[in-house]
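# Fold and contact review
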Amino acid sequence: SKFIKVIGNLTDPLEDCNHIVDKYSLRSEFPRQCLLEAELLEKSTDFNDFKNREDFTKLDTVTIDPDSARDYDDALSLTLNDDGSCTVFVHIADVSHFVAVNSAIDNEARLRGTSVYFIDQNIPMIPPTLTSNLCSLLPKKNRFTLTAIISLDRQYKVIDLDVKKGVINSNLRLSYTDAQKIIDSGEGDKFPLLQSLTSLSTVLRKNRFKSGGLNIQIPEPEIFINDKGIPTKILIKRHLKTHELVEEFMLLANKTIADKFTQNIDP
């Protein structure tokens, strides 16, 4: 017999994640071919190539994520029309552009099934080159998206949906807390956009509850740990209006697209 791996001191909190990885046979290392594919994608991708993509880079666009977010998957834009109608743009990072079917990255992702999140780190489903760079809607950088373009009338009822492959250039990356501060203070060059998004999301939320939507709020713990891996305090995360803002637009996109698919299914 022989030793395969030393997993460390069982009493050391910094080793807890390694213990979990071993206990559940999580795939924490990417095969070499995966990393080579990711490296090649990083070198070959031209985000200034708009071929077969809609140019959304001139739109005011914002990402709003948790303070601890390591990557940015979605972004929002909004245009207001003189007649009181508006168009919402829900931009989702176009991961499919980078993950070809049956590529090494695709096959590894299938084996993993999901990303795994710990308090202070995570094991991603696809290589970090993609999650933290190519597929992350970083501010002031062109990035590829799948964008739901949702037109609403003056009563904020959906009247049209289009889904386009696009390119965005996010003007601003905000945390939920930072976005809430801008909304509360009424200051900052992106206040008008955030104010409009807030007003619209409030109406969408109200209408959703009128239609039977559920308001489920389960307290979420926020755990703080020190550099030795020991928890120092556990608080309840603050529920902000900006959480509801993002939630309503993600729900709007999901529901609108689901309705469209339903209409296209033959009875």
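Above this note sits the structure.
Please read all numbers here as calculations on a predicted model, not as lab measurements.

Definitions and cut-offs
Residues numbered from 1 in each chain as written. Predicted model: local features only at pLDDT ≥ 70, side-chain atom pairs only at ≥ 80, totals over all residues. Heavy atoms only, no water. Salt bridge = Lys/Arg side-chain N within 4 Å of Asp/Glu carboxyl O. Helix = DSSP H or I, 4+ residues; strand = E, 2+ residues; numbered from the N terminus. Buried < 20%, exposed > 50% of the residue type's maximum accessible area, 1.4 Å probe, protein only. Polar contact = N/O pair within 3.5 Å; in protein donor to acceptor, adjacent residues only side chain to side chain. Contact = heavy atoms within 4.5 Å. Phe/Tyr/Trp six-rings, centres within 6.5 Å; stacked < 30°, edge-to-face > 60°. Lys NZ or Arg CZ within 6 Å of the ring centre and 35° of its normal. Pairing = 2+ DSSP bridges. Core = buried A, V, L, I, M, F, W, Y, C linked by side-chain atoms within 4.5 Å.

## Section: the pattern of salt bridges
Where charged atoms of side chains with opposite charge meet at close range, the side chains can pair. A full pass over the atoms with the stated rule returns 16 salt bridges. Residue glutamate 108 is joined to arginine 27 by a salt bridge in which the shortest nitrogen-to-oxygen separation is 2.8 Å. Of this pair, glutamate 108 sits in helix 3 (residues 104-112) while arginine 27 sits in the loop between helix 1 (16-23) and helix 2 (32-44), and the two are 81 residues apart along the sequence. The exposure class assigned to glutamate 108 is buried, which follows from its relative accessible area of 3%. Among the residues examined, arginine 27 registers a relative accessible area of 38% and is labelled partly exposed. Aspartate 55 is paired through a salt bridge with lysine 58; the nearest N and O atoms lie 3.9 Å apart. Since its relative accessible area comes to 72%, lysine 58 is described here as exposed. Each of Arg205, Arg208, Lys241, Glu244, Glu247 and Glu248 takes part in one network of salt bridges that share partners.

## With respect to the side chain of serine 77
Here serine 77 lies in strand 3 (residues 74-80). When its relative accessible area of 1% is taken as the criterion, serine 77 is described as buried. At 3.2 Å, the side chain of serine 77 forms a polar contact with the backbone oxygen of aspartate 60. Leave out the neighbours within four places in its chain, and serine 77 touches Leu59, Asp60, Thr61, Thr87, Val88, Phe89 and His91.

## Digging into the packing of aromatic side chains
Summed over all chains, the structure comprises 4 aromatic pairs. Between phenylalanine 98 and phenylalanine 144, the aromatic rings sit 6.3 Å apart at their centres with planes inclined by 20°, giving stacked as the arrangement. Of this pair, phenylalanine 98 sits in the loop between strand 4 (86-93) and helix 3 while phenylalanine 144 is found in strand 7 (residues 142-152), placing the two residues 46 residues apart along the sequence. The class of phenylalanine 98 is buried, set by a relative accessible area of 4%. Assessed through its relative accessible area of 5%, phenylalanine 144 is described here as buried. One aromatic cluster is present, formed by Phe47, Phe98 and Phe144 through successive ring pairs. Above the ring of phenylalanine 30, the side-chain terminus of arginine 112 is found at 3.8 Å from the ring centroid.

## Details of the pairing of strand 11 (residues 231-236)
Counting buried residues in strand 11 gives 0 out of 6 residues, a small share hidden from the surface. When strand 10 (residues 221-225) meets strand 11, the two strands line up antiparallel, connected through 5 bridges. By the bridge assignment, glutamate 222 is partnered in strand 11 with leucine 235. Linkage of strand 10 to strand 11, two consecutive antiparallel strands, is achieved through a turn of 5 residues, within which glycine 229 is found at a positive phi near 80°.

## A closer look at the nonpolar core
Ile64, Val88, Ile150, Leu197, Leu200, Leu245 and Phe249 are the most contacted members of the largest nonpolar core, which totals 29 residues. Contributing elements (two or more residues each) for this core: strand 2 (61-65), strand 3, strand 4, strand 7, helix 5 (176-185), helix 6 (191-210) and helix 7 (241-264). Among residues more than four places away in sequence, those in contact with isoleucine 64 are Leu174, Ser175, Tyr176, Ala179, Leu194, Leu245 and Val246. Listed in part, the 16 residues of the second largest apolar core include Phe30, Ile105, Cys135 and Phe144.

## Describing the pairing of strand 8 (residues 158-169)
Where strand 1 (residues 54-55) and strand 8 come together, 2 bridges link them in parallel fashion. Across the sheet, glutamate 54 pairs through a bridge with glycine 166, a residue of strand 8. Sheet topology note: the strand 7/strand 8 ladder contains 11 bridges and is antiparallel. Within strand 8, the position partnered with alanine 148 by the bridge is valine 163.

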